[in-house]
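What the coordinates show
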Amino acid sequence: MITVADNGAFCLQGKDYTYAMYVNDSGFLQHAYYGKKIEVADLEYLIGHICSKFAPTKGGLNYDMQFDNMPSECGFYAHGDYREPSVIIERSDGAAMSRLRYVSHKVYGGAPTLAGLPHARKGGDTLAVTLKDDFSDATVILNYTVYDDLNVLVRNAQIVNVGKEEFTLKKAFSFCVDLPDSEFDIMRLCGRWAAERTPVTSPIKYGITRLQSLRGSSSHKINPFAAFLRANCAEESGECYGVQLMYSGSFALTAESSADGSLRIQGGVNDTAFGWTLRAGESFTSPQAALCYSDGGTGKMSRHYADFLRECVIDPRYVYKKRPIVVNNWEATYFDFDNEKLFPIIDEAAKLGIDTFVLDDGWFGKRDSDTSGLGDWTVNEKKLKGGLKTVIDRCKKHGLKFGLWFEPEMISEDSDLYRAHPDWAIGKDGVQPCRGRNQLVLDLTRSDVVDHIFAAVSDVLANNDISYVKWDFNRDLTEMFSRKLDRQGEFAHRYMLGVYSLAERLTTAFPDVFFEGCAGGGGRFDAGMLYYFPQIWTSDDTDAYERAKIQWGTSMCYPVSAMSCHVSACPNHQTGRTVSIDTRGAIASLGATGYELDLSKMTDDEKSAVKAQIGRYGAIAELVLKGDLYRLCDPFDGNWFCVMLVAKDKNQAYVVGERIHAVPCDLIKTIKLAGLDADKTYAIDGTDIVASGRALMTAGIVLPMLGDFGSFTWKLKQIENDK
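Residues numbered from 1 in each chain as written. Predicted model: local features only at pLDDT ≥ 70, side-chain atom pairs only at ≥ 80, totals over all residues. Heavy atoms only, no water.

**Quick notes on the overall build of the protein**
Under the convention used in this document: The helix count covers DSSP runs of H or I at least four residues long, the strand count covers runs of E at least two residues long, and both are numbered beginning at the N terminus. Each radius of gyration reported is based on C-alpha atoms, and the globular scaling rule is 2.2 Å times the count of residues to the power 0.38. With a 1.4 Å probe rolled over the protein chains alone, any residue whose accessible area is under 20% of its type maximum counts as buried; one over 50% counts as exposed, and the rest are partly exposed.
On a plain count of helices and strands, the protein comes out with 13 helices and 38 strands. In terms of overall dimensions, the protein is globule-like: its C-alpha atoms have a radius of gyration of 27 Å, near the 27 Å expected for 723 residues. The principal-axis extent of the C-alpha atoms belonging to the protein is close to 85 × 75 × 45 Å. Residues classed as buried in the protein amount to 62% of the 723 residues present.

**So, the packing of helix 4 (residues 339–352) against helix 12 (residues 604–626)**
To keep it simple, the criterion reads: Lines fitted to C-alpha atoms define the axes here, with helix axes fitted over just the stretch in contact, and angles between the N-to-C directions of these axes take values from 0 to 180 degrees. Here the angle decides the label: under 35 degrees means roughly parallel, over 145 means roughly antiparallel, 65 to 115 means roughly perpendicular, and every other value means oblique. We call two residues in contact whenever any of their non-hydrogen atoms come within 4.5 Å of each other. For this scheme, ten residues count as nonpolar: Ala, Val, Leu, Ile, Met, Phe, Trp, Tyr, Cys and Pro. Four count as charged, namely Asp, Glu, Lys and Arg, and the remainder, Gly too, count as polar.
Closest axis-to-axis distance for the helix 4/helix 12 pair is 9 Å, and the angle between their directions is 55°. With respect to each other, helix 4 and helix 12 are oriented oblique. Here helix 4 contributes Glu348, Lys351 and Leu352 to the contact with helix 12, which in turn contributes Lys607, Val610, Lys611 and Ile614. When grouped by side-chain class, the residues that make up the contact of helix 4 with helix 12 number three nonpolar, no polar and four charged.

**Considerations on the pairing of strand 8 (residues 138–146)**
Let me state the cut-off plainly: In this description, strands pair whenever DSSP reports at least two bridges between them.
Burial runs high along strand 8: nine of the nine residues are buried. Note that strand 7 (residues 125–133) and strand 8 share eight bridges and pair antiparallel. Paired with Asp125 across the two strands is Val146, which belongs to strand 8. Counted along the chain from strand 7 to the antiparallel partner strand 8, the turn is four residues long. Two strands pair when backbone bridges link them, and strand 8 and strand 9 (residues 152–161) are joined in this way by eight bridges, in the antiparallel orientation. Counted as the bridge partner of Ala138 is Asn161 from strand 9. Here strand 8 folds back onto strand 9, and the loop between the two strands holds five residues.

**A word on the side chain of His304**
For His304, the position within the fold is in helix 2 (residues 297–313). Contact partners of His304, with chain neighbours within four places excluded, come to Asp16, Asn151, Val152, Cys292, Tyr293 and Ser294.

**Re the packing of aromatic side chains**
Basically, it comes down to this: A pair of Phe, Tyr and Trp rings is counted when the ring centres sit within 6.5 Å of each other, with Trp represented by its six-membered ring. The angle between the planes then sorts it: under 30 degrees is stacked, over 60 is edge-to-face, the rest tilted.
According to the stated counting rule, one finds 38 aromatic pairs in the structure shown. Judged by centre distance (5.2 Å) and plane angle (50°), the ring pair of Trp471 and Phe533 falls under tilted. On the criterion of sequence distance, the pair formed by Trp471 in strand 26 (residues 468–471) and Phe533 in the loop between helix 9 (527–530) and strand 28 (535–537) is long-range, its members being 62 residues apart. Pair check on accessibility: Trp471 and Phe533 agree, each one buried.

**So, the pattern of salt bridges**
Put simply, the test is: We define a salt bridge as a contact between a side-chain nitrogen of Lys or Arg and a carboxyl oxygen of Asp or Glu at a distance within 4 Å.
In the structure shown here, the tally under the stated rule is 50 salt bridges. Linking Asp178 and Arg83 is a salt bridge whose minimum nitrogen-to-oxygen distance equals 3.3 Å. Residue Asp178 is located in strand 10 (residues 167–179), and its partner Arg83 is located in the loop between helix 1 (42–50) and strand 5 (87–90); the two are separated by 95 residues in the primary sequence. On the basis of relative accessibility, which here comes to 3%, the residue Asp178 falls in the buried class. A relative accessible area of 5% means that Arg83 is categorised as buried. When the shortest N-O distance is used, the salt bridge between Asp134 and Arg99 registers 2.6 Å. Placement of Asp134 in the loop between strand 7 and strand 8 and of Arg99 in the loop between strand 5 and strand 6 (100–109) is noted, with a sequence separation of 35 residues between them.

**Observations regarding a nonpolar patch on the surface**
The condition is simple: The patches described consist of residues with a relative accessible area above 30% and no salt bridge, like charges being joined within 9 Å and nonpolar side chains (Val, Leu, Ile, Met, Phe, Trp, Tyr) within 5 Å. Areas reported here follow the Shrake-Rupley algorithm with a probe of radius 1.4 Å; residue values treat only the protein chains shown as occluding.
Taken together, the side chains of Leu667, Ile668, Val702 and Met705 make up a nonpolar region of the molecular surface, amounting to roughly 430 Å² of accessible area. One can find Met705 in the loop between strand 37 (701–702) and strand 38 (710–719).

**Let's talk about the sheet that holds strand 33 (residues 652–659)**
Judged by pairing direction, the sheet is antiparallel, and its six strands sit side by side in the order 31-32-33-38-35-36 without closing on themselves. Single-partner strands in this sheet number two, and they are strand 31 (628–633) and strand 36 (690–692). Taking the axes of each pair of neighbouring strands and ignoring which way they run, one obtains an average angle of 25° across the sheet. When strand 35 (residues 681–684) meets strand 36, the two strands line up antiparallel, connected through three bridges. Of the residues in strand 36, the one forming a bridge with Thr681 is Ser692. On the sheet, helix 10 (residues 544–554) packs against strand 31, strand 32 (640–646) and strand 33 and is oriented at approximately 55° with respect to strand 32. Across the face of the sheet, helix 12 comes into contact with strand 31, strand 32, strand 33 and strand 38 while running at roughly 90° to strand 33.

**Structural notes on the environment of Val379**
Secondary-structure assignment places Val379 in the loop between strand 22 (356–359) and helix 5 (388–397). The spatial distance from the C-alpha of Val379 to the C-alpha of Val460 is 8.7 Å, given a sequence separation of 81 residues. Each residue touching Val379, except ones within four places of it in the same chain, is listed here: Trp363, Phe364, Leu384, Gly387 and Leu388.

**Re the nonpolar core**
This is how it is decided: Joining through side-chain atoms within 4.5 Å is the link that ties buried Ala, Val, Leu, Ile, Met, Phe, Trp, Tyr and Cys residues into a set, and such a set is a nonpolar core.
Leu169, Phe228, Phe308 and Trp363 are the most contacted members of the largest nonpolar core, which has 194 residues in total. In contact with Phe308, other than residues within four places in its own chain, are Ala120, Tyr147, Leu150, Val152, Val154, Met246, Ala290 and Val313. In terms of nonpolar packing, the next biggest core, distinct from the first, is built from 22 residues, Cys642, Ile671, Tyr682 and Ile684 among them.

**Quick notes on the packing of helix 10 against helix 11 (residues 581–588)**
For clarity, the cut-off: Left-handed describes a crossing in which the near helix is turned anticlockwise from the far one by less than a right angle; the clockwise case is right-handed.
Between helix 10 and helix 11, whose axes approach to 9 Å, the crossing angle comes to 15°. With respect to helix 11, the axis of helix 10 lies roughly parallel. Both helix 10 and helix 11 take part in a crossing whose hand is left-handed. From helix 10, Ala544, Arg547, Ala548 and Gln551 reach across to helix 11, where they touch Thr583, Arg584 and Ile587. When grouped by side-chain class, the residues that make up the contact of helix 10 with helix 11 number three nonpolar, two polar and two charged.

**Digging into the sheet that holds strand 23 (residues 401–406)**
Whenever strands of a sheet pair, they do so through backbone hydrogen bonds, lying parallel or antiparallel. Judged by pairing direction, the barrel is parallel, and its eight strands sit side by side in the order 21-22-23-26-27-28-29-30 before closing back on the first. Across the sheet, the mean angle from the axis of one strand to that of its neighbour is 30°, orientation sign disregarded. Here five bridges tie strand 29 (residues 563–568) to strand 30 (residues 592–596), and the two strands are oriented parallel to one another. By the bridge assignment, His566 is partnered in strand 30 with Gly594. Here helix 11 sits on the sheet in contact with strand 29 and strand 30, set at roughly 170° to strand 29.

**A word on the environment of Lys648**
Note the threshold: Definition of a polar contact: a pair of N or O atoms within 3.5 Å, with one able to donate and the other able to accept a hydrogen when the atoms are protein atoms, and with sequence-neighbouring residues admitted only if both atoms are side-chain atoms.
Examined against the element boundaries, Lys648 turns out to sit in the loop between strand 32 and strand 33. Sequence separation between Lys648 and Gly675 is 27 residues; the distance between their C-alpha atoms is 9.3 Å. When near neighbours in sequence (up to four residues on either side) are disregarded, Lys648 contacts Asp307, Arg310, Lys626 and Asp628. Here the side chain of Lys648 touches Asp307 through a polar contact of 2.8 Å, side chain to side chain. Among the polar contacts listed, one links the side chain of Lys648 to the side chain of Asp628, at a separation of 2.7 Å.

**So, the state of the cysteines**
Note the threshold: Two cysteine sulfur atoms make up a disulfide if the distance between them is within 2.5 Å.
Scanning all chains against the criterion turns up zero disulfides. Cys518 forms no disulfide, and the closest cysteine sulfur to it belongs to Cys565, at a distance of 13 Å.

**Thoughts on the pairing of strand 15 (residues 240–245)**
Regular strands place side chains that alternate from one sheet face to the opposite one. Most of strand 15 sits inside the fold, with six of its six residues counted as buried. Burial of strand 15 is two-sided: the residues Cys240, Gly242 and Gln244 facing one way and the residues Tyr241, Val243 and Leu245 facing the other way are all buried. Relative to strand 15, strand 14 (residues 222–229) runs antiparallel, the two being bridged by five bridges. In the sheet register, Ala226 faces strand 15, and the bridge partner there is Val243.

Here it is as structure tokens:
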């Protein structure tokens, strides 16, 4: 709900929070409050007795030097506010000072549609506040979208040139929040290839903390998410704020602790080397940011984000639709395959209950290794006799669907496409390009390149019965230069707009094809890509112990339904570790499950285990798609991993646990379940346990005795109480 008060205040109220601001006497949009829900009537007290202490006094001797203490909704630059600005507007003479004042506002139903960018698909109500720069012909429109039944506030900014002379944006962040104190720890999700999204928490110190990617992608190294935790914040208690960018390119999130003790949080498109020119009448739209307040710890924050992404971001055609259970041939064969090697995998998949076979890298062009072929999206019939049709027909014979791997954004120098169009690769003549995985990146800032990729991929999809696409992205961007772009400061963002354009066109042209995102594993796992791809390959590391940690971190701000999780062979191809087929299946069940191995080489016992896993998954698939996640045992801080999914109606739940190491005198551990209805009675399948939700959440339950990397799964069902 959005309320515009008589005293110039704006009160935005979500399910459990209030966000408030007002236009002060000097005409600036001043932040007033963000936190646990309060009444609109309380704003009079806030503004009159708290906010007024930080507002600049018009006409005072030091008026222009008072902005440094004013909590602002959009930080301006070089005119009395020495904190990090939200927007920098550079005119033709090089002047860039700014001072932004309120002009107008409007309230409307629904969420703004951001052309060319992922965005919240529905609203809510939106408040749009227009600010005008005192020193340039720039206006800044701040958009706030609020939902009565959700706890996420969506923000972005639009900068418009309302004059006749062009200017250049040197910075255009999506949001700014000035909190009154900086007594927080900051959590970020960081890592590397095959070890993505590790939660790391540290105190906020005086100065600027900056999380960023300059890779042209959200990256394996750092996710476009941060959480700000009070000292008492734990998994299920205490206050925290979350910030998540709906963006997949180079980004920055900053937290600035000032001398007065306040904290400025903001972020958006990375401003390093950024420069976006706006001619008369043109505008720049920043990506959306999803802000979240929780008074119930990081667990409640995670559930808020999961609800928001499922309800407002992920494609409604697929968000709650049964996900295909796939087998992918990559770790089974790598590049070394032909019909004779693929057919036994397909034949076995049908017997075990798998419904989709996905053919990975190596099916096209001259592609027997990662040194050639990318960009040539034509079938290699030397490998696949009869083309894709032969493999697809084999799948159909057994009632299986067929999926296919693409890496649309990439090009090999040893390819027909590169020989015909070497200028289509990102790079500058005379500068030796960096190569990753022996490949270069296509220049998606160019519409002709995007058009070609769309046509080439469409031709394959239109002429074959394909129900599933895995879209990969195996290296980050370097050089950041386009031979056809006049203003190179626009390159990184224009590249991302090209990716989004291609994804939008393909998913629209082929609405019955299920698209899964991938970026060398989890290198582009973000809300922006989830707008186009309902699930993303979580990591190239499929080891059941490492995956438990990766999935734990990913769940901080993404739903488990978005995580693609596969059972792979042992010894594991990334770590060399051997873990039981049961544990591999248990961890993979906490997401969109599948298999990444040669089914035809499995033992009869392993095949029986797989068949049983698929049967059990059918019973908990709805919980994966729709349930609330509760994290119980942190694998980064103990010898156990344990989480549970609980149905919205509290009638059923699913618990998965893994013991990391067998340690002497560490055999008995009790944990408390969470999220159940205290007044309902539950039975745990496969045990003789029948207990109330209250008992299971307060007295707890004893975990089974397990060896190294042993696991258990429990299915809880409500039973009727005898009265």
